[in-house]
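# Reading the structure
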Amino acid sequence: MLAVDQINLFVCEGTPGPEERALFASSNAKAAKFALSSYSFKQARSYIETGIGLLEPNHWETQYALSLSLFEMSASVSCITGHTTTMHSRLQQVLAHVLTFEDSLKGASLLVKLLASNSQFDDARFNCFDILKHLGETFPPEINASTVQNELPAIRSMLTNVSYEQMKALPQMTDRSKLNAMTFLNLLCTCSLISKPLLLPILSSRMLKLTLQHGLCADGIVGLAIAGFSMFLFTDDVLLALQTGRVCEALIAESPQKHLLRSRLCNELWGALKMLREPVQAVTLELPEMYRSAMLSGDIESAVMCRWLYPCACFWSGALSLSSVSQHLVGCMKEASKYQQSTVLFTAMAALQCCVHLSGESINEVEIQSMEELRALGEGNAFLEWQVFVCRLGSHFYMREYEQVAELSQQYSASHPSPLQTKRILHILRSFMVGISVMNLARRTSNNAQYRELGEQAVANMRQLETISEWNFQHKRLLLEAEMHYLNRDSVSADAAYEASIRSARDHKWLNEQALAYELYGVFCVENGMRDKGTAQLRAAIDRYREWGAANVAKRVQLYVDGLSTGAKRS
């Protein structure tokens, strides 16, 4: 590349002739490809723009192959470096001048990424389906819950017979048309995860069929992972989903593209299936390295998703203080804004709103929209809408606003009726928060049958999940059972379950939920005539909430304790 640098100095200072300009443009294109292979994106961009500047006025007619290469590279690097205006301009040039369908595919894939980054998901999906149709992969015009229900048995059958050995024994996929189809199916899965998860079973089923029929490729591993993720989302066959996840992890570990695959599947594989069975705190520690790998390789979408997932997982697991979580979210928002990843920007904003509400800290580095504004932005964006909902739920839950938790959950369920109940890790947390809330409400109301039923359902869910991971779910199950025993007026069993939940949360390093267990135990003791013991538990809760950084939550509990002291003096 040193020779090209010298050439470019000559270009800046001299006036090369037509033959020299053509030769120098080609040299810059080669240097750009080498820089890209070394992940030197800034240097590559310099070579690309110099090369484009050296092209002839009618270069699309006289230098077609070179023009296509330079403009495609320019669009790719502009995507990576956050120059979306340049990216859009280059893609317009490419798609206006391509001579064949095959030549249009790279530009079309970049256009899908650009549309998705701007939350134009309908257009992104339409473009993908249109390309796939030309590649021989057609889909029903209307995909609904019934379509998915009909496809799930076929996915279950394929996954039941899939093993690591079988996948490794497959030949490499070489059919160019099928490889292109897998690329666009992968892109479509990325869009659908955020905007229309109902498509994931249909898309992953097609990817799995193509893999079994035509051979394995990197996108085939993505398809297998999303098929397992779909079983987790839309069926009760969690064990099959986890088994599929293990096969994918083994395949990724041996893949030449393992860094790209790990970051691409940070949400579906690491953020769901792996966090379900392994200690959340340990899985979370892998995300920063996945972020760095994605940035180095230019996979901006996956990098920004990893950067968002890390502080969110730390928030819900209590792995970092709320102050640290907030700073990570601020960094994520800045990066999402730079690369125009609007969905991640607003989901990070919702999580930051929740942190600020619980911590009482003020954030001046970025502008934060209200939860109501974020809720309005989430309409039509399933991923953002869900994230905003769960963050609102968490804000009310930790402030002990149980009526709002129950009402908000009921409203969400009413506005999202579906026979296919999505699970996700955050749905598990929703079940936990709603379970605690409704059992508290049931003790205060005479007509508590509906609340009791929801509480019993939460207990049953957590018992099932504990069989998968004692580390992640034992303390939740014990705390829900303690609340159920309290509701059933079994004080002896409740007392034992509260203490066991506190020990389990401490041993498994869930600081936020250890604080919660202390608080609920303290309230139980106070309400059952054990004021001194209850006050001790509540003071322990305050200490843990402060350690977590939830100053507003600690203040709320302190006011309750102060009220007890005042009441004792009066009596």
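Preceding block: the structure.
Just so we're clear, the structure is a prediction, and the values are computed from it rather than from any experiment.

Quick look at unusual backbone geometry now. Phi at Arg 400 takes a positive value of approximately 60°, unusual for a residue other than glycine. Position of Arg 400 among the secondary structure elements: in the loop between α23 (382-398) and α24 (402-415). The phi torsion at Arg 489 lies on the positive side, around 65°, for a residue other than glycine.

Core analysis: the biggest nonpolar cluster contains 182 residues, and Leu 358 and Tyr 545 have the highest contact counts within it. When residues of this core are assigned to their parent elements, the largest contribution, 13 residues, is made by helix α19 (residues 300-317). Residues contacting Tyr 545, with those up to four places away along its chain left out, are Tyr 398, Asn 512, Ala 515, Leu 516, Glu 519, Ala 550, Val 553, Ala 554 and Val 557. Formed by 22 residues, the second largest nonpolar core is a distinct cluster that contains Phe 24, Ala 29, Ala 31 and Tyr 47.

Let's shift gears to the packing of aromatic side chains. Per the stated rule, a full pass over the model turns up 18 aromatic pairs. Every member of this aromatic cluster is reached through a ring pair, and the members are Phe 315, Trp 316, Phe 397, Tyr 398, Tyr 402, Phe 432 and Trp 548. The positively charged end of Arg 206 is found above the aromatic ring belonging to Phe 139, 4.1 Å away from the centroid. One cation-aromatic arrangement involves Lys 476 over Trp 510; the distance from NZ or CZ to the ring centre is 3.6 Å.

Let us look at the environment of Gly 394. Along the chain, Gly 394 falls in helix α23. Among the residues examined, Gly 394 registers a relative accessible area of 0% and is labelled buried. Taking the C-alpha atoms as reference, Gly 394 lies 9.0 Å from Leu 429; in sequence the two are 35 residues apart.

Another point: the pattern of salt bridges. Counted according to the given criterion, the structure contains 28 salt bridges. Salt-bridge contacts for Arg 444 lead to Glu 403; the nearest nitrogen and oxygen are separated by 3.2 Å. Highlighted residues: Arg 444 in helix α25 (residues 424-444) and Glu 403 in helix α24, separated in sequence by 41 residues. Judged by relative accessible area, Arg 444 falls into the exposed class, the value being 52%. With a relative accessible area of 40%, Glu 403 lands in the partly exposed category. Note that Asp 495 and Lys 533 form a salt bridge whose closest N and O atoms lie 3.3 Å from each other. Pair noted here: Asp 495 is in helix α28 (residues 491-507) and Lys 533 is in helix α30 (residues 531-548), with a separation of 38 residues, a long-range link. In the salt-bridge network here, residues are joined through shared partners; they are Glu 249, Arg 262, Lys 274, Arg 277, Glu 278 and Glu 286.

Procedures and definitions
- Residues numbered from 1 in each chain as written.
- Predicted model: local features only at pLDDT ≥ 70, side-chain atom pairs only at ≥ 80, totals over all residues.
- Heavy atoms only, no water.
- Helix = DSSP H or I, 4+ residues; strand = E, 2+ residues; numbered from the N terminus.
- Core = buried A, V, L, I, M, F, W, Y, C linked by side-chain atoms within 4.5 Å.
- Buried < 20%, exposed > 50% of the residue type's maximum accessible area, 1.4 Å probe, protein only.
- Contact = heavy atoms within 4.5 Å.
- Phe/Tyr/Trp six-rings, centres within 6.5 Å; stacked < 30°, edge-to-face > 60°.
- Lys NZ or Arg CZ within 6 Å of the ring centre and 35° of its normal.
- Salt bridge = Lys/Arg side-chain N within 4 Å of Asp/Glu carboxyl O.

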